[in-house]
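Chain and residue survey
Residue-level listing of the chains:
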Amino acid sequence: MNDQPPHVLAEDLRALFRAEPEAVAAAVAAALSDEATTLELPGRLAGPGVGAERALALVTPYVRGAARDLGDPGFLAHMDPPTPWPTWVATLLAASTNQNLLHPDTAPAARELERRVVDWLSPVFAMSGGHLVPGSTVANLTALWAARELTGASTVAASTSSHLSIRKAAAILGLRYAAIEPTVDGALSAADVADRFARSAPGSSGRGGGTALDPRTTILVATAGTTGTGAIDELDPGAGAHRPAWLHVDAAWAGPLRFSRRHRHRLDGIGRADSVAVSAHKWLFQPKESAVVLFADAERAHRAVSVDEAYLQVPNLGLLGSHGATAAPLAATLLALGLDGVEGLVDHGMAVADRLVELIDAEPRLARFGPNHSGVVAWRHRYHGSAAIRAELAGAVVSTVDIGGRTWLRSVAANPLADPATVVSAVLAAGERLDRAEARPQRPES
Ligand SMILES: Cc1ncc(COP(=O)(O)O)c(C=O)c1O
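In this report, we go over the structure that sits alongside the text. (Residues numbered from 1 in each chain as written. Predicted model: local features only at pLDDT ≥ 70, side-chain atom pairs only at ≥ 80, totals over all residues.)

**Remarks on the site of the ligand**
- Among the 15 residues in the neighbourhood of the ligand, the closest are listed as Gly 135, Ser 136, Thr 137, His 163 and Ala 252.
- Along the lines of polarity and charge, the residues of the shell around the ligand split into 4 nonpolar, 10 polar and 1 charged. (Near = placed C-beta within 6 Å. Nonpolar A, V, L, I, M, F, W, Y, C, P; charged D, E, K, R; others polar.)

Okay, structure coming up:
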C-alpha cells in the first residue's frame, strides 16, 4: 500500500490546469495593461515557486514592456506586422487546449480547421491544397523536398536576391545551388532563365552569360517580393519547351497581393507554379509562427513528404512532428476580415508605401532605390550614411539593407497604422542633427 501523500494537492492541480475564465481574464488584463514595470529576473531558479500571478508579472515586461510597438505610427521597418486582437484570443485557446494535429484523436476539429483555412487560401494562389508550417523558411524547405522527391532534380536555381532560406534548403537537401544575377531592378528575368535553359540543350554552343542550366534537373525558385527591395521575379520563367523540373514561388512576403484586385496582376503566372510559400505572419498579420506551403498537386506532393510509423493513426505530413492549432488565429482573422478586409489591408499597405515614395521624391535630401513593387521601399539620405541615420533616429524605426556595396534604409509597409510623414520627418531630423554634430556643409554622399 502506498501511504505517501500526493506530491501536489488536488486543489492546486485544479487551480493550475483548470483555471476559472475570470482568473485568466484578470491575468490577461493585467498583462495587457500599460503598467508593466521591469522586475529583476532571478539568476538561478529557486526551489519554491512564486505563483502564477507573480510569475506573469516577472515575465510580462520582457515580452511586452520592452517590445517594439509594431503598430507605432513611426514603425516602418520590417516584415513583422502588428496583430489583430482576435488572434490573441485564438492563440490563447490554442495554448489552453494544446491539441496536437499529429494525432487526430487529440485534435479532430483543429485538423478540420486547418484543412478549411488551407481550402480558403489555396484558390487565391491557384493551388490545390497544402498545409500550415511555422514560417516560409520551413515552407520553402518542404516545397523543395517535395520537388526533389518527385522530380529527382539535382539543382536549385534562384536569383542572388532570393531569401537565404533557399540556400539553406538546398544545402539540407543535398542539392546544388545555382545563383542567377537579377536585373538592376532586383528581379529575375524570364529571358535570362530561358537562355540558360536553352544553352544546356544538345547542339547548343553553351556560350552566353552565366552558367547553362538543364531544365530537366533544375528546381527553379522565383521570389514574389524579395526581402531586400520587394522586387517580384518574372513568375513564369522558362515556360514552354524550357519548363524547369519544378517551379517554386517564394511568395513569403508579397503573396497576399493576390487578395487585391488592384495589385494581383503583379503576381500573374503564380498559378503555373508547382508550389508556393506564403508567410501568414508577415502580410496576413498573424502572430508567429504561421505560414503555408501550397502545391499545384497537393495530394501527390503530400504523399512525397509523408512518413508512416506504427504508433501513428495517420502518416506524419511534412517536416514537423507535433504541430499545434496555428490555424485558429489565421481562421479568426480571415473570417473577421473576409476577402474584402484582407484586400483592404493589403491595398492600404501599398498606399502607405506609395505615400512614402511620394514624400521621398518630393524631398531633395532623400533618394530611393526603385519603385514600390510590393510595399517595400529602399531609400536613403543623400548626405549621410544609412547606418548613421538609423543610429540617430528618434520616434521612428526603419531597417537597413545592403545593395551593391551601399547601405540603404528599408521600409516595409507591414504596419497598417504607420504614418510615412512621421518616418520621413524623423529621418530628416536625424540628418540635421548629424549636420550640426559634424558642423560641415552638406554634400551628397558619393
Ligand atoms: C522572400 C522571403 N522568403 C522567405 C523568408 C523566410 O520566411 P520566415 O521568416 O517566415 O521563415 C523571408 C523572410 O523574411 C522572405 O522575405
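**Some details on the environment of Leu 76**
- Here Leu 76 lies in the loop between helix H3 (52–65) and helix H4 (85–97).
- Judged by the 28 C-beta atoms lying within 10 Å of it, Leu 76 falls in the buried class.
- Setting aside anything within four residues of it in sequence, one finds Leu 76 in contact with Leu 356, Val 398, Ser 411, Ala 413, Asn 415, Ala 418, Pro 420 and Val 423. (Helix = DSSP H or I, 4+ residues; strand = E, 2+ residues; numbered from the N terminus. Buried ≥ 20, exposed ≤ 12 C-beta atoms within 10 Å, placed from the backbone. Contact = placed C-beta atoms within 7 Å.)

**Describing the pairing of strand E7 (residues 291–295)**
- Extensive coverage of E7 is indicated by the burial of 5 of its 5 residues.
- Neither face of E7 is exposed, since Ala 291, Val 293 and Phe 295 on one face and Val 292 and Leu 294 on the opposite face are all buried.
- Pairing between strand E6 (residues 275–279) and E7: 5 bridges, direction antiparallel. Counterpart to Ser 275 in the pairing with E7 is Phe 295. (Pairing = 2+ DSSP bridges.)

**Quick word on the packing of H4 against helix H11 (residues 327–361)**
- Where H4 meets H11, the closest approach of the two axes is 8 Å, and the angle between their N-to-C directions is 150°. Classified by the interaxial angle, the pair formed by H4 and H11 is roughly antiparallel. For the pair H4 and H11, the crossing hand works out as right-handed. Contacts between H4 and H11 pair Pro 86, Thr 87, Ala 90, Thr 91, Leu 93 and Ala 94 from the former with Ala 328, Pro 329, Ala 332, Thr 333 and Ala 336 from the latter.
- Within the contact of H4 with H11, the residues separate by chemical class into 8 nonpolar, 3 polar and no charged. (Axes fitted to C-alpha atoms, helices over the stretch in contact; angles between N-to-C directions. Parallel < 35°, antiparallel > 145°, perpendicular 65-115°, else oblique. Left-handed = near helix turned anticlockwise from the far one by under 90°.)

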